[in-house]
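Now for the letters of each chain:
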Amino acid sequence: MKKSRIDFHIHSCLSPCASPEMLPRMIVARAKAAGIDCIALTDHSCVENLPAFQQACAEAGMACLYGLEASTAEQIHVLCLFDDLNRALDFGRMIYSHLPDQPNDMERFGPQPIVTVDGEVTHFAEKHLNIGTDISFSDLVPMALRAGALCIPSHIDRPMSGAIGYFGFLPDLPYDAVEVVGTIDPEIARRWPVVRFSDSHHPDHIGRRFTEIETEAFTVPALRAALRRLITE
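First things first, this report covers the structure right here in the doc. (Residues numbered from 1 in each chain as written. Predicted model: local features only at pLDDT ≥ 70, side-chain atom pairs only at ≥ 80, totals over all residues. Heavy atoms only, no water.)

1. Things to note about the packing of aromatic side chains
So, point 1. For the structure on display, the rule yields eight aromatic pairs.
So, point 2. With centroids separated by 5.5 Å and ring planes inclined at 50 degrees, the aromatic side chains of Phe-82 and Phe-91 adopt a geometry described as tilted.
So, point 3. Ring centres of Tyr-175 and Trp-192 lie 5.5 Å apart, and the angle between their planes is 50 degrees; this geometry places the pair in the tilted category. Taken as a pair, Tyr-175 in the loop between helix H6 (163–167) and strand S8 (178–179) and Trp-192 in the loop between helix H7 (186–191) and strand S9 (194–195) lie far apart in primary sequence, 17 residues in all.
So, point 4. Here the aromatic cluster, defined as three or more aromatic residues joined through ring pairs, consists of Phe-137, Tyr-166, Phe-167, Phe-169, Tyr-175 and Trp-192.
So, point 5. Between Lys-127 and the ring centre of Tyr-96, over which it is positioned, the NZ or CZ distance is 5.1 Å. (Phe/Tyr/Trp six-rings, centres within 6.5 Å; stacked < 30°, edge-to-face > 60°. Helix = DSSP H or I, 4+ residues; strand = E, 2+ residues; numbered from the N terminus. Lys NZ or Arg CZ within 6 Å of the ring centre and 35° of its normal.)

Below is the structure:
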């Protein structure tokens, strides 16, 4: 099996905390330049830039997954990753429907643009995306798995929007992996695969962190098997 570098946590200009430079073709070009073999687009609780992302990846011959970073009722972030665009769109639009009906304040948070592969703005996400849905963490994880996603709690070791920061521990749920930024409790590494991704919000972030895996294909089943091989014995 081939060893590959993966980065499954990248935000486009749609995410209110991301740079407007984070357009589909730029993301793909920067990832290729950084030596990443497979990437995922994971905007906050919205998937409307995934079609343009798919086109940019296809043009460049870049392997990709389609995802989002969902925010739970506790405002814990969770990566939900699909190998099928339509499944990702269906799941992501369901997540968006669970956001509060709070209009985005463009002047305060940015415009949240939905773009074409050429970077042309077609419209804007109306709800503010950087807030929690009404779905609990304990409900979101099985929902994502039932929908066919890889489910990876984001940056669990961060005090804000990380599971450990909220609960004080990592709940015992069937995650496919857990994303960390710094050091991690060895007990967690013995129970779940540990990954590091860039959490890119700016072009210069792409490639700053990645995970190496050995996989036969960039499909959910193959990646799930590859991730399990990362568990520390």
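2. Some details on the nonpolar core
So, point 1. In this structure, Ile-39, Leu-50, Phe-53 and Cys-80 are the most contacted members of the largest nonpolar core, which totals 48 residues.
So, point 2. Of all the elements in the fold, those that place two or more residues in this core are helix H1 (24–33), strand S2 (38–44), helix H2 (50–60), strand S3 (63–71), strand S4 (77–82), helix H3 (85–97), helix H5 (137–146) and H7.
So, point 3. Apart from residues no more than four positions distant in its own chain, Cys-80 is found in contact with Tyr-66, Gly-67, Leu-68, Ala-70, Phe-91, Ala-144, Ala-149 and Leu-150.
So, point 4. Leu-79, Phe-197, Val-220 and Leu-223 belong to the second-largest nonpolar core, a separate cluster that totals 17 residues. (Core = buried A, V, L, I, M, F, W, Y, C linked by side-chain atoms within 4.5 Å. Buried < 20%, exposed > 50% of the residue type's maximum accessible area, 1.4 Å probe, protein only. Contact = heavy atoms within 4.5 Å.)

3. A look at H3
Because an α-helix packs 3.6 residues into every turn, residues spaced three or four apart end up facing the same way.
So, point 1. Taking 1.5 Å as the rise per residue, H3 with 13 residues should run 18 Å; its terminal C-alpha atoms sit 18 Å apart, in good agreement.
So, point 2. Residues of H3 that are buried include every one of Leu-85, Ala-88, Leu-89, Phe-91, Gly-92 and Ile-95, and no others.
So, point 3. Here the buried face of H3 lies against H2, S3, S4 and H5.
So, point 4. One side-chain oxygen at the N-terminal end of H3 lies 3.1 Å from the backbone nitrogen of Asn-86; it belongs to Asp-84. (Expected span 1.5 Å × (residues − 1). Polar contact = N/O pair within 3.5 Å; in protein donor to acceptor, adjacent residues only side chain to side chain.)

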